[in-house]
Amino acid sequence: MFSFKEWNRSSVITDIFVNLLMTILFVIVISLSFRSTNDNAAIQDDTFKNHFQSRLILKSINGLNNSRNEILMAIQEKNPELINNAEDQMLGAISNYHILLSEQTIGKSIRPSLDFEKDFKNLKVLFEEVFAKENVLEDTELLLKISRSAEELVALMYTEESTLWAKESIKLHAYSEVKQTNLYFFYGLTICFLLIQIVFVYFTIIKYRLNKKINHQHERLVLQTRLSTLGMMSAELAHEINSPLMVIDGRLRILSNEINSVPNINEKLIKNIDIIKRNSKRIQDIIKSFKTMSKSGENDIFEPLEISLLFEEVKDLISQKIASSQIEFTIDESHSDVIIAVRRVQIVQVLTNLINNSIDAIKDSANPWIKIKTEVFENNVQIIVTDSGSGIDSLHVANIFDPFYSTKGSAEGTGLGLSISKKIMKEHGGSLSYNEACPNTQFILTLISKKRPVTEDGPTTY
Amino acid sequence: MRHLLLALVCCNLIYSSVWAKVSYPRQKISITGGTHSSPVALTIKDLEAYKKQDQITIHDPYNKDILTTFYGFYMKDFLNLYAPPAYKSVRVTAIDGYKVDIPKQDIDKSNLFMSYKDKAGFLTVDRMGPARIIAPFKGVINRDLLLQLGVYWVWQVKTIEFIK
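Description of the structure in this document.

### Examining the overall build of chain A
Then step 1. When helices and strands are counted, chain A shows 10 helices and nine strands.
Then step 2. In chain A, which comprises 462 residues, the proportion classed as buried is 36%.
Then step 3. The long-range share in chain A, meaning contacts at least 24 apart out of those at least 6 apart in sequence, stands at 73%.
Then step 4. Total accessible area on chain A is roughly 27900 Å²; 58% of this is exposed by carbon and sulfur atoms.

### Some words on helix H7 (residues 307-325) of chain A
Residues and elements named next belong to chain A.
Then step 1. Under the 1.5 Å per step criterion, the end-to-end length of H7 is 25 Å for 19 residues, consistent within 8% with the ideal 27 Å.
Then step 2. Of all the bends found along H7, the most pronounced is centred on Ile 318 and spans about 50°.
Then step 3. Taken together, the buried positions of H7 are occupied by Ile 307, Ser 308, Leu 310, Phe 311, Val 314, Ile 318, Ile 322 and Ser 325.
Then step 4. If you follow the buried residues of H7, they end up packed against strand S1 (303-306), strand S2 (328-331), strand S3 (339-342), helix H8 (344-362), strand S4 (369-376) and strand S5 (380-387).
Then step 5. In the segment just after H7, Gln 326 is the residue with positive phi, at about 55°.

### Things to note about the pattern of salt bridges
Residues and elements named next belong to chain A.
Then step 1. Enumeration over the complete set of coordinates arrives at 17 salt bridges over all chains.
Then step 2. Arg 344 is the partner of Glu 313 in a salt bridge, and the nearest nitrogen-oxygen pair spans 3.0 Å. With Glu 313 in helix H7 and Arg 344 in helix H8, this pair connects stretches of sequence that are 31 residues apart.
Then step 3. Judged by its relative accessible area of 31%, Arg 344 is partly exposed.
Then step 4. With its nearest N and O atoms 3.6 Å apart, the salt bridge here joins Asp 360 to Lys 321. Within this pair, whereas Asp 360 is found in helix H8, its partner Lys 321 is found in helix H7, the two being separated by 39 residues in sequence.
Then step 5. Judged by its relative accessible area of 23%, Asp 360 falls in the partly exposed class.
Then step 6. Here Lys 321 falls in the partly exposed class, since its relative accessible area comes to 30%.

### A word on the pairing of S4 of chain A
Where a strand is regular, its side chains alternate between the two sheet faces.
Residues and elements named next belong to chain A.
Then step 1. Of the pairings in the sheet, the one linking S2 to S4 comprises four bridges and is parallel in character. In the strand pairing of S4, Glu 328 is matched with Trp 369.
Then step 2. The pairing of S4 with S5 spans seven bridges and is antiparallel. Note that in S5 the partner of Thr 374 across the bridge is Ile 383.

The rules behind these values
Residues numbered from 1 in each chain as written. Chains lettered and ligands numbered in written order. Predicted model: local features only at pLDDT ≥ 70, side-chain atom pairs only at ≥ 80, totals over all residues. Heavy atoms only, no water. Helix = DSSP H or I, 4+ residues; strand = E, 2+ residues; numbered from the N terminus. Buried < 20%, exposed > 50% of the residue type's maximum accessible area, 1.4 Å probe, protein only. Contact = heavy atoms within 4.5 Å. Areas by Shrake-Rupley, 256 points an atom, 1.4 Å probe, with all protein chains shown as cover. Expected span 1.5 Å × (residues − 1). Bend = angle between axes of the 7 residues up to and from the residue. Salt bridge = Lys/Arg side-chain N within 4 Å of Asp/Glu carboxyl O. Pairing = 2+ DSSP bridges.

Shown next as structure tokens:
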């Protein structure tokens, strides 16, 4: 029996197999239903024929009875005209009898009627004898003989009609059985149809889900290919760019020092130098990010680091930018003696990245501030970075950790900062998350506490 | 002697053919509710004298589907002689008591034909006469269609009554 997972994988084969099975079942039920309906129709057709034949017999009987009555009334009332009516009724009976014979011949009736032709001919002869006389009422005995003959014939025809009905009742019983069978077939057809629909819907859903999964994985594959390519290129690119960049950076320092030593130098010149310095620094930052992407980090070791030292290093890196942006920057020193197990460079990079993002977001706002706070729990430590911003738009929250996703303009953001930061935190056994509940913009770094020291192979327990 | 006998037989035949009376069915067809104030009783001779006969040839479903030519006239033409203005239907009653109401539009639509004679001679009562009403059609009629049309196939026509 297939397990669900195996069924998913071989769903095409299963799909064909189940559909084939259902189709065969459906065809069988349809064929049986058709046969049953045909039987039903044949029985109904036969029933109608028998009804018609029965009716013809009764009409014949009726004609004979009317004929007898006319004869008796003619004798009683001495009205010769009534003898004509009697003959008409008898001839009518003959006519209906002939139609009955015709029906039985064409319809290949189950039971041919008894031979009443001789009896009817006798009656005709008797009437001819009556009309041959001058006065039709003259020979009462002959008229009564006709009446008796008609009565005998009526009895025979009644027997014939009863036999027909006896056969009919058996057929009607068979008909009701066929009707019941038809009903079962109808239910069977309905159930088959519903099952087919359910199976069809089920496999359509599976197909849809598989297609969605395939599309999603295709997108991820494309993305990973890009990242992989980028990663492969980045080391080489970084090296190629770094070399001339070092030269530019060095020469800039020299130029800057020489210009600063010149009195009454044009302010515009100093400003231009600063701009070049800043952009050079920015190129260096970008190169660093690419280097991080290309590094898997698996060769770096985790080392214990006091949080206060971490903050010191971060402050060094961002102080100039903070000062130039005139942002109020505060670090809560409580719990600063807590030790965390980290890859030093990486964790500094993450914190710096968060603070840089905050600076870029709030630098043009009124009263901008950034606060860093530490909270210690039993199993982990949280470093909370909050800025005065009003939070990230809910439209972007779901995507902020995606590579190449950036809310800044293309000139400013690579879209890699948060995704790299998250990756780094994951490697540390911790996490990086955005706190939607905070009215300001707040990111939380969660790290394993010192109770769970880390080795080269990752976090462990005592 | 032989020649004499032959001559006698020929004379008899000629006499029979010239002087023999045509045997019309005795029965009459009664027309009631028409333009005449009292019922009109028509003999087959009256029907024959009405106008030049029309004829139709069909497979008679009530006589083993045998191809039969019937002589008579279309009912709508005949009924117009006696029909009152704005009649809705005609009620046809047979000698054996069978009764059916035929709406006016069905008389026209089905092109109903009233026959009193076929190739074997006048229709006697034992051969569904004195008149019978037929709905003409092509080929052998199937039983399902006969179910629909058969109700208007009245034989042993006795009375025709106009219903307003």
